[in-house]
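# Structural description and commentary
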Amino acid sequence: MGKTIRGWKRELERAHERIGGLFARSEPRARSLAYLQGLLSGCERKNGWQLAEWMGETVPYRVQHLLDRARWDADQARDRLRSYVLEQIGSPDGVLIVDETGFLKKGRHSAGVKRQYSGTAGRIENSQIGVFLGYAGKGGSSLLDRELYLPQEWIEDRERCRAAGIPDQVEFATKPELARRMIERTLDAGTPCGWVTGDEVYGRDSKLRGCLEARGQAFVLAVASDQRLWWPDFQQQRVDRIAQDLPKRAWKRCSAGAGAKGERLYDWALLRLTERDGWEKALLVRRSIEEQPEFAYYLTYAPRPKARLRTLAKVAGRRWEIEIAFEAAKGECGLDHYEVRHWQGWYRHMTLAMMAHAVLAVLRARGEKNSARTSAAQRARTAPPAGPPAMARKAPR
């Protein structure tokens, strides 16, 4: 067990070295490492107070300073996080995955908060919504990028934005637009990527699909059942109606990838739509094998050699890896435990939580499952406080 814990600690320190140079002063540099260690510790709630207590401090002043006033660039840290992940699990067939997740909040002062639908809660709740970009590579998956969604009502209230630390130059952007920005900067950085995938929120956006096509980037993007396609009779047809008319011979049973209970088998049909310069556009339909089947629909774009049904089905199946990443990042790395209200604090916490999750993803990709799943009690003992308790500024709780 001791060897396992030492391996976990070394990997975390190795990852932290990527961002250590972003801190001009030694104290916030050490604090950032302690923060990462705390995110992977046995703290019940990984907020400012409990992380400070875990570090041996009586108040959260220094933790709050790291997320708010300390001088360091969260976007540069994100870029170095991406390099770390890609060096470990990067693959030419890697899949970029876009998705969103909600963070339930109280009050109205946290940047971007409002009553809106949260998939986390499965209903309309007072929440913030983060749009994330994940990467599924060889042996594992991790989160690479993040953007905070700001509803239109926030952008229209500049005084409220300034109170939450939102820069004046930030304008309204839809979730697909945020996803496009993340995908473009990730691809521009030379990320090895064979595919892009995402759910209906992103697949229905023609601008996002057009951007990917213009870059020659293959994708498998889900669309809703009422998505319409132009048909040879110059009429638009809903994809669910098209699927209903497919003959029995059009369906083939194959796996969307391995799951916890074995291969995830579905019936699939592929209907090729157009071809140009060796690239094919197609409609991919997935049908569950239950007595009362459920359907899912995807628009695909790929070079002819890769536009095979089994390949496309595997790519569609990898979308779920970002759901697994969200679950792990929230459950093990405190992604949703933050209490910061300001724009900058949100990005800083998310970046550090993503780095903590990346360390676990790398260890699991190497097969060091015991390192990644070391008990919280054991992990909690691996890191000493960043400074003695006497260094903490005393203030009333």
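Below you will find a few notes about this structure. Counting restarts for each chain, with residues numbered from 1 along the sequence as it is written. Only residues with pLDDT of at least 70 are given local features in this predicted model, and only at 80 or more are side-chain atom pairs given and counted; all residues enter the totals for whole chains, interfaces and linings. In computing side-chain values, all of the structure's heavy atoms are included and hydrogens and water are not.

Labels follow the DSSP assignment, with helices taken as runs of H or I lasting at least four residues and strands as runs of E lasting at least two, numbered in each case from the N terminus. The number of helices and strands found in the protein chain is 16 helices and 12 strands. By its C-alpha atoms, the protein chain is 75 × 55 × 40 Å across when sized along the principal axes. Counting the 397 residues in the protein chain, one finds 53% classified as buried. In what follows, residue pairs with any heavy atoms lying within 4.5 Å of each other are defined as contacts. Long-range contacts, defined as pairs at least 24 residues apart, comprise 65% of the intrachain contacts of the protein chain with a sequence gap of at least 6. Only four residue types enter the tally: Lys and Arg on the positive side, Asp and Glu on the negative side, with His and both chain ends excluded. Here the site of a charge means NZ on Lys, CZ on Arg, CG on Asp, or CD on Glu. One finds the centroid of the 69 positive side-chain charges in the protein chain at a distance of 4 Å from the centroid of its 50 negative side-chain charges. The classification of residues rests on relative accessible area computed with a 1.4 Å probe and restricted to protein chains. Under 20% of the type maximum is buried, over 50% is exposed, and intermediate values are partly exposed.

It is the contact of helix α8 (residues 175–188) with helix α10 (residues 206–214), at a shortest axis distance of 10 Å, that shows an interaxial angle of 15 degrees. Put simply, α8 runs roughly parallel to α10. Pair α8 / α10 crosses with right-handed handedness. Taken together, the residues of α10 that come into contact with α8 (itself represented by Arg180, Ile183 and Glu184) are Leu208, Cys211 and Leu212. Interaxial angle, 0 to 180 degrees, is taken between N-to-C directions of lines fitted to C-alpha atoms, where a helix line uses only the stretch in contact. If an angle is under 35 degrees, it is roughly parallel; if it is over 145, roughly antiparallel; if it lies from 65 to 115, roughly perpendicular; otherwise it is oblique. Working rule for handedness: look at the near helix, and if it is turned counterclockwise from the far one by less than a right angle, call the crossing left-handed; if clockwise, right-handed.

Moving on, we get to the pattern of salt bridges. Throughout this description, the term salt bridge denotes a Lys or Arg side-chain nitrogen within 4 Å of a carboxyl oxygen of Asp or Glu. Scanning the model with the defined rule gives 36 salt bridges in all. Arg238 is the partner of Asp240 in a salt bridge, and the nearest nitrogen-oxygen pair spans 2.8 Å. On the accessibility criterion, Arg238 (28% relative accessible area) is partly exposed. Glu280 is the salt-bridge partner of Arg272, the closest N and O atoms lying 2.8 Å from each other.

Bringing the packing of aromatic side chains into the picture now. Here a pair means two rings of Phe, Tyr or Trp (six-membered ring of Trp) with centres within 6.5 Å. Their orientation is stacked below 30 degrees between planes, edge-to-face above 60, and tilted elsewhere. Applying the stated criterion across every chain, the model contains 15 aromatic pairs. Consider the rings of Phe103 and Phe132, whose centres lie 6.4 Å apart with planes at 55 degrees: the pair is tilted. Taken together, the residues Phe103 in strand β1 (residues 95–104) and Phe132 in strand β3 (residues 123–136) connect sequence positions 29 residues apart. Among the residues examined, Phe132 registers a relative accessible area of 0% and is labelled buried. Ring pairing ties together the aromatic residues Phe103, Phe132, Phe326, Tyr338, Trp343, Trp346 and Tyr347, which thus form one cluster. Criterion for a charge above a ring: Lys NZ or Arg CZ within 6 Å of the ring centre, and within 35 degrees of the ring normal. For the cation-ring pair, Lys175 lies above Tyr149, with the distance from its terminal atom to the ring centre recorded as 5.0 Å. Taking the ring centre of Tyr266 as reference, the NZ or CZ of Arg286 above it sits at 4.5 Å.

Along a regular strand, successive side chains alternate from one face of the sheet to the other. Both strand β2 (residues 114–118) and β3 contribute to a ladder of five bridges, which runs antiparallel. Bridge pairing links Ser118 to Arg123 in β3. The loop that links β2 with its antiparallel partner β3 comprises four residues; one of these, Gly122, has a positive phi angle of about 75 degrees. In this scheme, strands are said to pair when DSSP sees at least two bridges between them.

The next point concerns the side chain of Thr197. Within the secondary structure, Thr197 is located in strand β5 (residues 195–198). On the accessibility criterion, Thr197 (0% relative accessible area) is buried. Throughout this description, a polar contact denotes any pair of N or O atoms lying within 3.5 Å of each other; where both atoms belong to protein, one of them has to be capable of donating a hydrogen while the other can accept it, and for residues adjacent in sequence the pair is counted only when both atoms sit in side chains. Polar contacts involving the side chain of Thr197 include one to the main-chain carbonyl oxygen of Val220, which spans 2.6 Å. Discounting chain neighbours no more than four positions away, the residues touching Thr197 are Val95, Leu96, Ile97, Val98, Val220, Leu221, Val315 and Arg319.

This next bit is on the nonpolar core. Note on terminology: a nonpolar core comprises buried Ala, Val, Leu, Ile, Met, Phe, Trp, Tyr and Cys residues joined through side-chain atoms within 4.5 Å. Among the nonpolar cores identified, the biggest contains 109 residues, and Tyr35, Leu96, Phe132, Ile166, Ile183, Trp268 and Leu352 are the most heavily contacted of them. Per-element tally for this core: the top contributor is helix α14 (residues 343–365), with 14 residues. With residues up to four places along the chain from it excluded, the contact list for Leu352 reads Ile19, Tyr35, Leu36, Leu39, Leu66, Leu67 and Trp72.

In short, shape yes, function no, at least from these values alone.
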